[in-house]
Amino acid sequence: MLKFNDSLVAPLRDHKWLTAAIAEVTQQDISRVRERLFLEHLHFPHEIPAYFSARNLTPFVYNEDMVRFYEETDSFLFELSVWNRSARKCAMREWILRNLRKNGIESGKILICGDGIGVDSFYFVRHGYDVTSFEVSRLGVAMAKKLFSDWGGKIVISHSLGVLPEQSFDAILCLDVLEHLPDPIAAVRENTQLLRPGGLFIFSSPFYLVAEKWSTHLDANRKFSGRIRVFEEAGNMKHVDGTFLQCPIVFQKVGAKPMLHMLPTKRLFLWYGAGWLRVFGRFPQIMPPFVLRDFRRDKQIRSFVSDFAKETEKNLDISLKV
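Structural notes, computed from the coordinates. Counting restarts for each chain, with residues numbered from 1 along the sequence as it is written. For a predicted model such as this one, the threshold for reporting local features is a pLDDT of at least 70, and the threshold for listing and counting side-chain atom pairs is 80 or more; totals across whole chains, interfaces and linings nevertheless cover every residue. As a convention, hydrogens and water are excluded, and side-chain values are obtained from all of the structure's heavy atoms.

### Some thoughts on unusual backbone geometry
Peptide bonds are trans in most cases, and residues, glycine excluded, mostly fall at negative phi.
Point 1. Of the consecutive residues Cys-247 and Pro-248, the connecting peptide bond is found in the cis state with omega at 15°.
Point 2. Secondary structure counts use DSSP, requiring at least four H or I residues in a row for a helix and at least two E residues in a row for a strand, with both numbered from the N terminus. Of note, Pro-248 is situated in the loop between strand E6 (237–242) and strand E7 (249–253).
Point 3. Following Lys-257, the chain continues to Pro-258 via a peptide bond in cis, the omega torsion being -5°.
Point 4. Checked against the element boundaries, Pro-258 lands in the loop between E7 and helix H12 (264–282).
Point 5. At Gln-246, a position not held by glycine, the phi torsion is positive, near 60°.
Point 6. The topology assignment puts Gln-246 in the loop between E6 and E7.

Spelled out as structure tokens, the structure:
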């Protein structure tokens, strides 16, 4: 039996709860939700590119169709359910928790921007943090409220950053959000106004991942791939940590004494990774095949595909070797 990653939170391990919760929030028949979830697991990411293709929408460009998509669709509920179940996303959550604790933020106030269905908020609440979630999607907020109502925990959900007090958060997480925004720099600037001096701003944004499967990633944002100084300047921050390909990357807001220190060897390692990200941003066709291969091999996602097969008791004609 597969041993799940520890950061795969309980609601996502509960197949029946997840299916029923999406059905309740979207007011769809549960069998239809089960079918859509199955296809999303099998062909991840599936729902959003299928939506764009069926309606002949222009991908990678922020326009009226894109705005309408965000207002009307429930496709991202399915994509976020699978993404948050993946080993890659679970590892990112664990890395962030270790980094917060390593840098002395073992509790305190965290703002999570664009948390979607509330999974990251739930994870950090369970680890003792005071979490505020900023989310504008009606269905995303509904899912987050359902999650916390059924599984317990306290969270504040804000629909606007403007109502939050400045310099009030110890850390801000912005995971897989900036690549969707028409002005990522303005978003970073607005976010970091809410961060106390010395606080950490942690984000992960695959700006380079502009391909058929990621229709809502904006082509205009590829220029930010691997760019560290532009974010330092936007938020009055210093780059202090991260992973090789910035999944995630960590900045500290200037003003703390002393500031965090990064060893020269680690800095060189991360700048080398940033150089590769610049290449990927310039040639966006490089990375998507490798990312998709990782998802196809993800044991946690494949385990849930098997669960679907058992649950529905169907003889699946679709090959799992995709």
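Moving on from the coordinates now.
### A short note on the pairing of strand E4 (residues 169–175)
Point 1. A simple rule labels every residue: compare its accessible area, found with a 1.4 Å probe on the protein chains alone, to the largest value its type can have, and call it buried under 20%, exposed over 50%, or partly exposed in between. Within E4, 7 of the 7 residues are buried, which leaves the element mostly enclosed by the surrounding structure.
Point 2. Taken together, the 6 bridges between E4 and strand E5 (residues 195–204) define a ladder with parallel strand orientation. In the sheet register, Ile-172 faces E5, and the bridge partner there is Phe-201.
Point 3. This β-α-β element, E4 to helix H10 (residues 184–192) to E5, shows right-handed connectivity. A pair of strands counts as paired when DSSP detects no fewer than two bridges linking them. Handedness of a crossover: with both strands directed away from the viewer, a clockwise path from the first strand across the helix to the second marks it as right-handed.

### Side note on helix H2 (residues 15–26)
Point 1. Multiplying 1.5 Å by the helix residue count minus one yields the expected span of that helix. With 12 residues, H2 extends 17 Å from end C-alpha to end C-alpha; this agrees with the ideal 16 Å at 1.5 Å per step.
Point 2. The element H2 is extensively covered by neighbouring structure, given that 9 of its 12 residues are classed as buried.
Point 3. Where H2 starts, the residue carrying a side-chain oxygen 3.3 Å from the main-chain nitrogen of Lys-16 turns out to be Asp-14.
Point 4. Downstream of H2 by a residue or two, Gln-27 has a phi angle that is positive, lying close to 60°. Polar contact is defined as a pair of N or O atoms within 3.5 Å, subject to the rule that within protein one atom must be able to donate a hydrogen and the other to accept it, and that residues adjacent in sequence are counted only when both atoms are side-chain atoms.

### Focus on the sheet that holds strand E2 (residues 129–134)
Point 1. Reading across the sheet, the 7 strands line up as E3-E2-E1-E4-E5-E7-E6 and stay open at both edges, with mixed pairing between neighbours. Two strands close off the open sheet at either side, each with one partner strand: strand E3 (156–158) and E6. Between one strand and the next, the sheet's axes are offset by a mean angle of 25°, whatever the strand orientation.
Point 2. Of the pairings in the sheet, the one linking strand E1 (residues 108–113) to E4 comprises 4 bridges and is parallel in character. By the bridge assignment for E4, Ile-110 is matched with Ala-171.
Point 3. By definition in these notes, contact holds between two residues if any of their heavy atoms fall within 4.5 Å. Axis lines are fitted to C-alpha atoms, over the contacting stretch for helices. Their N-to-C directions set the angle, which ranges from 0 to 180 degrees. Sitting on the sheet, helix H8 (residues 119–126) touches E1, E2 and E4, and the angle it makes with E2 is about 170°.
Point 4. Of the strands in this sheet, E1, E4, E5, E6 and E7 are in contact with H10, which crosses E5 at around 145°.

### Observations concerning helix H6 (residues 75–85)
Point 1. Most of H6 sits out of view: 11 of its 11 residues are buried.
Point 2. Of all the residues in H6, the buried ones are Ser-75, Phe-76, Leu-77, Phe-78, Glu-79, Leu-80, Ser-81, Val-82, Trp-83, Asn-84 and Arg-85.

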